[in-house]
Amino acid sequence: MKCWRGFKEGNWNKTIDVSDFIKKNYISYTGGPEFLCGTTERTDRVFARVEELLVKENENGGVLSVDPDNVSSLLTFRPGYVIKEDDIIVGLQTDEPLKRAVNPFAGYRNAVQACKAYGYEIGENVSNEFKYRTTHNTGVFRVYTDTMKKARHVGVLTGLPDAYARGRIIGDYRRIALYGMDYLIEQRKLDKKRISERDMSAETIQLVEDIERQLEFMGQLVEMAAEYGCDISRPAENAREAVQWLYFGYLGAVKEQNGAANSIGRISGFIDIYIGRDIEEGTLDEKGAQELIDDLVIKMRLVRHLRTPEYNELFAGDPVWVTCSLAGMGEDGRPMVTKACFRFLQTLYNLGPSAEPNITVLWSEGLPEEFKKFCAKVSIDTDSIQYETDDVMRKDFGDDYAIACCVSAMKTGKQMQFFGARCNLAKVLLMALNGGRDEIYGEQVAPSGKAFDEGTPLVYEEVLEAFKTYASWMAKLYVNTMNVIHYMHDRYAYERLMMALHDVEPERLMAFGISGLSVLADSLSAIKYAKVVPVKDERGLIVDFKTEGEFPKYGNDDDRADEIAKWITEFFYSELCKTKTYRGAKHTLSILTITSNVVYGKKTGSTPDGRQAGEPFAPGANPMHGRDSEGALASLNSVAKICYDCCQDGISNTFSITPETLGTDEDDRVKKLVAVLDGYFAQSAHHLNVNVLNRQKLIDAMNDPTLYPSLTIRVSGYAVNFNKLTRDKQLEVISRTFHEKM
């Protein structure tokens, strides 16, 4: 075929196998960044327009405009452009840049509240349509038990996707470019025919209906692209079409679903193959290649969803987590670093630092040194990228996986995820001490048990047994709550297009999460190694603690505390696995809070570690603020002890270090940061956000946002524009540890 000219053949041109196509055709690049180009005049014009709109959006309270009269879908809006004659990669979610659309399928009331929050009334036609439609949220609350509702209300289960789209599903958008939609539709029809020959069990009926819904939206995607003058029914013939076809798939996905963290996947190696062919054929040069990537990234930065203020309180900074995974190693031992990896990183210079896309480097000891050094330089200059260890993930996910949201690996097109927010284990400990009652509301949430006495020092073994009992109860409730949510999501807010770009029967993962790990670990350490005496209020609830003596704290490379943290994750994961999941999903676990660590803290009373009621937790798997006092390496060593085998949804660690601590000049800092990353990941550690900055810079930015209008920082698995954080979250970030010694 003309579209596949010059490509090496393999299994990929006999069946859908993008991974094989990449393996057969990508070229590793081991050189440095000297080939990179700056922006073209065209890119400058487009991005200047984008910057104008971003300023207006910010001045308008964070939302530029809303269309309250039309429900977002693939064919709802006429084509939209930044500058029509200048856009190379075309397509917007609505008909204007940064205009947000309503998407009530997951929760109608949420859509109404989001409109009202920004001065809009939801349209009468939308209201009339959803008067007779069951949403995901309605279905969930029909089935929730009283205990599930209580756990949600008090905040021991928080951030559940029961009122909004679940997100964290990565369509294999590369398939559109490689095969064209006609072939993909034909293959999905064959899938339906084959599966329809099975006995019509409930599972088979559901799958056949899913396929029919997928086929409907595959057809609509072809229509959407045609409105932009593009024929995606056929494979892409050049690099521009490959990027455009791929982007149409992602655009269709985010038009259909407003879920958090619908990532774009691992696309750099795939795109590089097409760029390399065009350059070899003389139809593209390096400046044009960079221009393609710049324009794609501009479009990713324009993705917006309409959220309620409550949602934004949980996930501060208006993130969408367009996570883009770069590099890693092939299973054949070749680095999967291509020139396109460099080009994506170069956008942080050409277009300035940004939270989107959420650039994630899959780090490996075997990556080329020049690429490692460039990554380190970009981190030092922009604080805009994160790292995850390919050497650990590749063992379980192969070499064609991608990261969803922040830290969650999935085989591209072969696995999908049922996302599930987090369980507040620090509150579970307080419930265990209070016989199942919530320490703030006083409600009996968990089964009634023996409360610990006031004035009597806590005995570690007794507390541990009580905690294990209540954590086991919590794990079962958590799994069953997730089963309800995802049954209803599949029924009422199914991701038709994204799932059409998966294998027809993908492996399903169910992602559970822990918040409050370091609070719980330090609290148990205090009870074990110091003297902790409970204090009760007039309701007979333990609401405070008197702690005497020193105790080892998680984050200082002290096994006494670190082993407690490690045990918590392993124990809770084993308890989760005892309860069956919806559609046979595999249990996975993350230690990830995003910026919700502030909200979780507000909902949690005082804890035995000395943290006071309402104070924020540490983010993710981080030690509590200021307690990792033995230096940067000790802190990293502690987090590295947590085992990825029981936390395959990810272990988030956000690391801030001052420039002076890394070195006296750029070369020294780059060299030391590469050494830190190599050393950390050599211990089978999973994830690291890197911020290289001084605390005072953040204080200055908080007091005068005009000083650093584009200041981007990593917060917990993702990056944000610091000025978009609420004041309480800015203060929490400022209070974190900034390592001033190695």
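The structure presented is a predicted model; accordingly, all values stated were derived computationally and were not measured. (Residues numbered from 1 in each chain as written. Predicted model: local features only at pLDDT ≥ 70, side-chain atom pairs only at ≥ 80, totals over all residues. Heavy atoms only, no water.)

> Before we move on, could you go through the overall build of the chain and cite the residues and values that matter?
Summing up its helical and strand segments, the chain has 27 helices and 19 strands in all. Radius of gyration (C-alpha) of the chain: 25 Å, near the 27 Å computed for a compact globule of 742 residues. Projected onto its principal axes, the C-alpha positions of the chain cover 80 × 65 × 50 Å. Counting over 742 residues, the chain shows a buried share of 66%. For the chain, the share of sequence-separated contacts (at least 6 apart) that also reach a separation of at least 24 residues comes to 78%. Total accessible area computed for the chain in this model is approximately 25400 Å², and 48% of it derives from carbon and sulfur atoms. Both charge centroids of the chain, one from 90 positive and one from 108 negative side chains, sit 3 Å from each other. (Helix = DSSP H or I, 4+ residues; strand = E, 2+ residues; numbered from the N terminus. Rg over C-alpha atoms; globule rule 2.2 N^0.38 Å. Buried < 20%, exposed > 50% of the residue type's maximum accessible area, 1.4 Å probe, protein only. Contact = heavy atoms within 4.5 Å. Areas by Shrake-Rupley, 256 points an atom, 1.4 Å probe, with all protein chains shown as cover. Lys, Arg positive; Asp, Glu negative; His and termini not counted. Charge placed at Lys NZ, Arg CZ, Asp CG, Glu CD.)

> I'd like a rundown of the layout of surface pockets, residues and numbers included.
Once rolled over the atoms, a probe with the size of a water molecule shows which space is left empty. Considering only enclosed or pocket space, the largest pocket measures out at about 1200 Å³ in volume. Lining of the largest pocket is provided by 43 residues; of these, L54, E57, N58, N721 and K724 occupy positions nearest its centre. Breaking the lining of the largest pocket down by element, the ones donating at least two residues are α2 (41-59), α13 (309-314) and β19 (719-721). Ranked by residue count, the leading element in the lining of the largest pocket is α2, at 7 residues. Split into classes, the residues belonging to the lining of the largest pocket amount to 19 nonpolar, 14 polar and 10 charged. (1 Å grid on protein atoms, 1.4 Å probe; cavity = no way out; pocket = protein on both sides within 12 Å on 5 of 7 lines; lining within 4 Å. Points joined across faces, edges and corners; volume = space filled by probe spheres on them. Nonpolar A, V, L, I, M, F, W, Y, C, P; charged D, E, K, R; others polar.)

> How would you sum up the sheet that holds strand β6 (residues 386-389)? Please name residues and give values.
Ordered by their spatial adjacency, 5 strands build an open sheet running β4-β5-β6-β17-β16, and the pairing between neighbours is mixed. Lying at the two open borders of the sheet, with one neighbouring strand each, are β4 (324-327) and β16 (654-657). Taken pair by pair, the neighbouring strands of this sheet meet at an average axis angle of 30°, ignoring direction. Across 3 bridges, β6 lies against strand β17 (residues 687-692) in antiparallel orientation. Across the sheet, residue Y387 finds its bridge partner in β17, namely L688. Packed onto the sheet, helix α15 (residues 369-382) meets β4, β5 (359-363), β6 and β17 and runs at close to 145° relative to β5. (Pairing = 2+ DSSP bridges. Axes fitted to C-alpha atoms, helices over the stretch in contact; angles between N-to-C directions.)

> Give a detailed account of the packing of helix α10 (residues 239-256) against helix α11 (residues 268-281), specifying residues and quantitative values.
Following both chains from N to C, one finds α10 and α11 inclined at 160°, their axes separated by 8 Å at the closest point. Relative to α11, the element α10 lies roughly antiparallel. Where α10 abuts α11, its residues A239, R240, A242, V243 and L246 lie against F270, I271, Y274, I275 and D278. Its residues assigned to classes, the contact of α10 with α11 comprises 8 nonpolar, no polar and 2 charged. (Parallel < 35°, antiparallel > 145°, perpendicular 65-115°, else oblique.)

> How would you sum up unusual backbone geometry? Please name residues and give values.
Glycine aside, residues mostly have negative phi, and peptide bonds are mostly found in the trans state. In this structure, the amide linkage connecting E356 to the following residue, P357, adopts the cis form with an omega of -10°. A positive phi angle is found at D383, which is not glycine, with a value near 55°. Structurally, D383 can be placed in the loop between α15 and β6. Even without a glycine there, the phi angle at D557 is positive, about 60°.

> Which residues make up the side chain of S354, and what are the values?
Tracing the chain through its elements places S354 in the loop between α14 (339-350) and β5. A distance of 3.4 Å separates the side chain of S354 from the side chain of R301, its partner in a polar contact. In terms of polar contacts, S354 uses its side chain to reach the backbone carbonyl oxygen of E356, at 3.0 Å. Those residues in contact with S354 that sit more than four places away from it in its chain are R301, L348, S384 and T712. (Polar contact = N/O pair within 3.5 Å; in protein donor to acceptor, adjacent residues only side chain to side chain.)

> Explain the packing of aromatic side chains to me, and be specific about the residues and the numbers.
Under the defined criterion, the tally for this structure stands at 30 aromatic pairs. Relative to F130, the ring of F105 lies with its centre 5.3 Å away and its plane at 70°, an arrangement referred to as edge-to-face. Pair noted here: F105 is in the loop between β2 (99-102) and α3 (108-117) and F130 is in helix α4 (residues 124-131), with a separation of 25 residues, a long-range link. An identical accessibility class is assigned to F105 and F130; each is buried. Taking the centre distance of 5.3 Å and the plane angle of 70° together, the rings of F342 and F371 count as edge-to-face. In this pair, F342 sits in helix α14 while F371 sits in helix α15, placing the two residues 29 residues apart along the sequence. Taken together, the aromatic side chains of W4, F7, W12, F21, Y179, Y183, F270 and Y274 make up a single cluster linked through ring pairs. Taking NZ or CZ as reference, R133 lies 5.0 Å from the ring centre of F130, over its face. The ring centre of Y529 lies 5.5 Å from the NZ or CZ of R560, which sits over that ring. (Phe/Tyr/Trp six-rings, centres within 6.5 Å; stacked < 30°, edge-to-face > 60°. Lys NZ or Arg CZ within 6 Å of the ring centre and 35° of its normal.)

> Before we move on, could you go through the pairing of β5 and cite the residues and values that matter?
A large share of β5 lies buried, amounting to 5 of its 5 residues. Both faces of β5 are covered, namely the face carrying I359, V361 and W363 and the face carrying T360 and L362. A crossover connection joins β4 to the parallel β5 through α14; in handedness this β-α-β unit is right-handed. The pairing of β5 with β6 spans 4 bridges and is parallel. The residue bridging V361 from the neighbouring strand is Y387, located in β6. (Right-handed = clockwise from strand over helix to strand, strands pointing away.)

> Please provide a residue-by-residue account of the pattern of salt bridges, values included.
Overall, the coordinates contain 60 salt bridges when judged by the stated rule. The partner of R49 in a salt bridge is E52, and the shortest N-O contact between them spans 3.3 Å. Separated by 3 residues within a single helix, R49 and E52 lie in helix α2, roughly one turn from each other. Judged by its relative accessible area of 29%, R49 is partly exposed. Linking R188 and D191 is a salt bridge whose minimum nitrogen-to-oxygen distance equals 3.1 Å. Residue R188 and its partner D191 are both found in helix α8 (residues 181-196); the two are separated by 3 residues, about one turn of the helix. Classification of R188 as buried rests on a relative accessible area of 5%. By sharing partners, the salt bridges in this structure join R166, D210, R213, D490, E495 and R583 into a single network. (Salt bridge = Lys/Arg side-chain N within 4 Å of Asp/Glu carboxyl O.)

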